[in-house]
Each structure stands twice: as structure tokens, then as C-alpha cells.
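# A look at the structure
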Amino acid sequence: PFLHAFPILYALGFSIYSYATQNLNPSGPTCWIAYDPLGCENDPSVECINKGPISPDALKWITAGIPFSLVLILNCILLGMIWWAVRGQLKKSQMYRYSWIGSSSPHDQ
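Residues numbered from 1 in each chain as written. Predicted model: local features only at pLDDT ≥ 70, side-chain atom pairs only at ≥ 80, totals over all residues. Heavy atoms only, no water.

One pass over the structure, following the stated rule, counts 1 disulfide. One disulfide in the model links C40 with C48; its S-S distance is 2.0 Å. Taking the sign of the torsion about the S-S bond as the criterion, the disulfide between C40 and C48, at about 115 degrees, is right-handed. Residue classification places C40 among the buried positions, given a relative accessible area of 3%. (Disulfide = S-S within 2.5 Å. Buried < 20%, exposed > 50% of the residue type's maximum accessible area, 1.4 Å probe, protein only.)

Structural data, given as C-alpha cells:
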């Protein structure tokens, strides 16, 4: 249950925070964490309204970039651990391998 609770609480917590600080704004065809008005970060003539203590760019990294990076890194580490364990089992099983003398089995080559 804890493995399911952490991502749900993380997403719910930052969703409530983003809504409470009014950082959820139109960002093209949908609403997400964005500057208000849309495109003000690229146009110096338009003043951006930052309504919270964290900038929308930093909030995007906290809510999406960091979790995605962690999942990618953890997947690589865990798959490496699985590969290492299977490799160890394969090495252990090699000493118990039986082969016929003069057999043409691919295992004998």
C-alpha cells in the first residue's frame, strides 16, 4: 500500500498547492502549471504574474521532471540488479551442466 500511497499523495499535494497558489493557468489546449498570461516569459513587453513563492518553471520540474528522472534512474538500477542476479544464477548452474561426450548440442560449443 505504501508504494501506491506515495505517488498519489505526492501528486495530490502538488495539485492542491498549484491550485491554491493559482499556478494552474491555460497553457495551450489545456490547463497546467504555466505563467499568466500565456507567453509572457518570452515577451518582454508583457509582465508575468507570478502568484506563488515558487516560479512555474521550478514547479514544473518539481511535479514532473524530478519524478520522471527518478523513475528512469530507478528502472535502470533495478534492471541492472535483476541482470546481475540472473547472471550469478547462470554461472552457478554452469558447474552442474551435463553433456554427452561427442554430442552436437549447441551447449557443448
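Turning to the confidence of the model for the protein, a few remarks are in order. Confidence in the prediction of the protein, expressed as mean pLDDT, is 86, and 89% of residues score 70 or more. For the protein, strand 1 (residues 24-26) is the element with the lowest average pLDDT, namely 88, and helix 2 (residues 56-94) is the one with the highest, namely 94. (pLDDT = per-residue confidence, 0-100. Helix = DSSP H or I, 4+ residues; strand = E, 2+ residues; numbered from the N terminus.)

Taken together, the side chains of W61, I66, L70, I73, L74, I77, L78 and M81 present a nonpolar region at the surface, about 820 Å² in accessible area. Tracing the backbone through its elements, the reader meets I73 in helix 2. (Patch = residues over 30% accessible without salt bridge, like charges linked within 9 Å, V, L, I, M, F, W, Y side chains within 5 Å. Areas by Shrake-Rupley, 256 points an atom, 1.4 Å probe, with all protein chains shown as cover. Salt bridge = Lys/Arg side-chain N within 4 Å of Asp/Glu carboxyl O.)

Further remarks concern the packing of aromatic side chains. With the rule as written, the count across this model stands at 3 aromatic pairs. Aromatic pair W83 and W84: ring centres 5.9 Å apart, planes at 55 degrees, arrangement tilted. Across this residue pair, the class does not change: W83 and W84 are exposed. The ring of W84 has R87 sitting right over it, with the charged end atom 5.0 Å from the ring centre. (Phe/Tyr/Trp six-rings, centres within 6.5 Å; stacked < 30°, edge-to-face > 60°. Lys NZ or Arg CZ within 6 Å of the ring centre and 35° of its normal.)

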